[in-house]
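# Fold and geometry: a report
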Amino acid sequence: MLTHQTRYRYDRPVFLGPQTIRLRPSSTARTPVRSYTLRVAPTDCKQTWHQDSYGNHVAEVVFAERVTHFDIIVRLEVDLTPRNPFDFLLEPSIRQWAAPAGFTTALHEDAAQHRAQSIQYQQQAAHDGMFASQTSFELSATQGQFYVQEDHAALALYCATSAAGPHLYAFLTDWVEKAPQNTLDMLVALNRAVARRIGYQVRLESGVWSPEETLTRGIGSCRDSAWLMIALLRHLGFAARFVSGYLIQASQNADGEEVLTCDLHAWAEAFLPGAGWVGFDTTSGLLAAQGHLPLAATPAPEHAAPVTGVLDPCKATFEVSMQTERLHVPDSD
């Protein structure tokens, strides 16, 4: 059982615009969800559910009057019975991997196009301390090599990518030379390579670093390394998407007792014919398993934020807490 509370406090009564909440597990989640509730305070509001254009369950909350606080409480029960993340079979046509035709040429063209931009990006990074997330994309020259024609339209948004900068270009060309030919082996090794290359860092400021910035720094939050993995996958010809969700895992407390912990997390998913969307956790270097509970899957990180909305100018404070409780279900006869 997970209880996730988010609290906003304002220094004066404010008008809130429509608030969008992406905190409901996806219907495609492989971890069974036994129960789910979402409560909002103040209760004098209108709450509606719908699916966005990416298939995510989204709640929209509208307040008619000014408010001094905004609380969101999620309670859900999930079945964490261990499952094998490799329990799938790829279509025969995708089981062996090779660099897409024209791959090197396409990368050189991307690098030349991006070289002039990189100077501007570096200047902006020195000023802001990080790169802004990139929202303008072009279709990858390698798009669609693993997919049948009827899948191209549905996957087009997940194949679009920005030009490769010098560090991304170097990583890709080095990887293509040494990558395993077995597709699944290659993807597993690529995920581990990203986890080794990018050290994990808790980053409280908003925004996602560009793949070039993450590679330059060699560190990043889960969302930064996931976005890097997505760029790599797309340049290699795979459809890939950004996933935000809960990560529930066991750990030990100071007394050596096992406890469950939960955090909001981000990872990448690649679409593999025969398997569907397969998750790759770039923080651990492992495939997503029963502890990964997706809440929103989108082409770009900015569309997957847990809560978005507008409000009057004010001073606001923000608190998040998560409590987990292990429920022991008796065996059935």
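Refer to the structure printed above.
Summarised in this report is the structure supplied together with it. Only a predicted model underlies this, so the values are computations on that prediction, with no experimental measurement involved. (Residues numbered from 1 in each chain as written. Predicted model: local features only at pLDDT ≥ 70, side-chain atom pairs only at ≥ 80, totals over all residues. Heavy atoms only, no water.)

### Comments concerning the environment of Pro-180
Here Pro-180 shows up in the loop between helix 3 (166–178) and helix 4 (183–197). Residue classification places Pro-180 among the partly exposed positions, given a relative accessible area of 27%. Each C-alpha atom, one on Pro-180 and one on Ala-98, is 8.7 Å from the other, the two residues being 82 residues apart in sequence. Those residues in contact with Pro-180 that sit more than four places away from it in its chain are Trp-97, Trp-175, Asp-185 and Met-186. (Helix = DSSP H or I, 4+ residues; strand = E, 2+ residues; numbered from the N terminus. Buried < 20%, exposed > 50% of the residue type's maximum accessible area, 1.4 Å probe, protein only. Contact = heavy atoms within 4.5 Å.)

### Comments concerning the sheet that holds strand 2 (residues 19–21)
A sheet is described by the order of its strands in space; here four strands give the open sequence 4-5-2-16, paired in antiparallel fashion. Bordering the open sheet on either side are strand 4 (45–51) and strand 16 (307–308), each of which pairs with just one other strand. (Pairing = 2+ DSSP bridges.)

### Re the sheet that holds strand 12 (residues 258–272)
Strand order in the open sheet formed by five strands is 14-13-12-11-15, and the pairing between neighbours is antiparallel. Strands at the two margins of the open sheet, each flanked by one partner only, are strand 14 (286–287) and strand 15 (292–298). Inspection of the sheet shows strand 11 (residues 240–252) paired to strand 15 by six bridges, in the antiparallel sense. By the bridge assignment, Gly-245 is partnered in strand 15 with Pro-294. Against the sheet, helix 6 (residues 222–235) engages strand 11, strand 12 and strand 13 (276–281), with an angle of about 20° to strand 12. (Axes fitted to C-alpha atoms, helices over the stretch in contact; angles between N-to-C directions.)

### Looking at helix 4
Between its first and last C-alpha, helix 4 extends 21 Å over 15 residues, near the 21 Å set by a 1.5 Å rise per residue. Residues Thr-183, Leu-184, Met-186, Leu-187, Val-188, Leu-190, Asn-191, Ala-193, Val-194 and Ala-195 constitute the buried set of helix 4. Against helix 3, helix 6, strand 12, strand 13 and strand 14 lie the buried residues of helix 4. Two or three places before Leu-184, at the start of helix 4, stands the capping residue Asn-182, its side-chain oxygen 3.1 Å from that residue's backbone nitrogen. (Expected span 1.5 Å × (residues − 1). Polar contact = N/O pair within 3.5 Å; in protein donor to acceptor, adjacent residues only side chain to side chain.)

### Some points on the pattern of salt bridges
Following the criterion strictly, the structure yields nine salt bridges and no others. Put simply, Asp-174 and Lys-178 hold a salt bridge, and the shortest N to O gap is 3.1 Å. Within this pair, Asp-174 and its partner Lys-178 are both found in helix 3, separated by four residues, close to a single helical turn. Residue Lys-178 is classed as exposed on the basis of its relative accessible area of 53%. Across the pair Arg-203 and Glu-205 runs a salt bridge whose closest N-O atoms are separated by 3.3 Å. Residue Arg-203 is classed as buried on the basis of its relative accessible area, which comes to 6%. On the accessibility criterion, Glu-205 (39% relative accessible area) is partly exposed. (Salt bridge = Lys/Arg side-chain N within 4 Å of Asp/Glu carboxyl O.)

### Some remarks on the packing of aromatic side chains
Considering all chains together, one arrives at seven aromatic pairs under this definition. Judged by centre distance (5.7 Å) and plane angle (15°), the rings of Tyr-8 and Phe-70 are stacked. One end of the pair, Tyr-8, is in strand 1 (residues 2–14); the other, Phe-70, is in strand 6 (residues 67–78), with 62 residues separating them in the sequence. Centre to centre, the rings of Phe-271 and Trp-277 are 5.3 Å apart; their planes meet at 65°, and the pair counts as edge-to-face. The exposure class assigned to Trp-277 is buried, which follows from its relative accessible area of 19%. Members of the aromatic cluster, each reached through a chain of ring pairs, are Tyr-8, Phe-63, Phe-70 and Phe-318. The ring of Trp-49 is capped by Arg-24, whose NZ or CZ atom sits 4.9 Å from the centre of that ring. If you follow Arg-241 out to its NZ or CZ, it ends over the ring of Trp-277, 4.1 Å from the centre. (Phe/Tyr/Trp six-rings, centres within 6.5 Å; stacked < 30°, edge-to-face > 60°. Lys NZ or Arg CZ within 6 Å of the ring centre and 35° of its normal.)

### Some points on a nonpolar patch on the surface
A cluster of nonpolar residues, Tyr-200, Val-202 and Leu-204, forms a patch on the protein surface that exposes about 400 Å² of accessible area. You can see Tyr-200 is positioned in strand 9 (residues 199–200). For Tyr-200, a relative accessible area of 52% corresponds to the exposed category. (Patch = residues over 30% accessible without salt bridge, like charges linked within 9 Å, V, L, I, M, F, W, Y side chains within 5 Å. Areas by Shrake-Rupley, 256 points an atom, 1.4 Å probe, with all protein chains shown as cover.)

Purely geometric stuff here, so don't read any function into it on its own.
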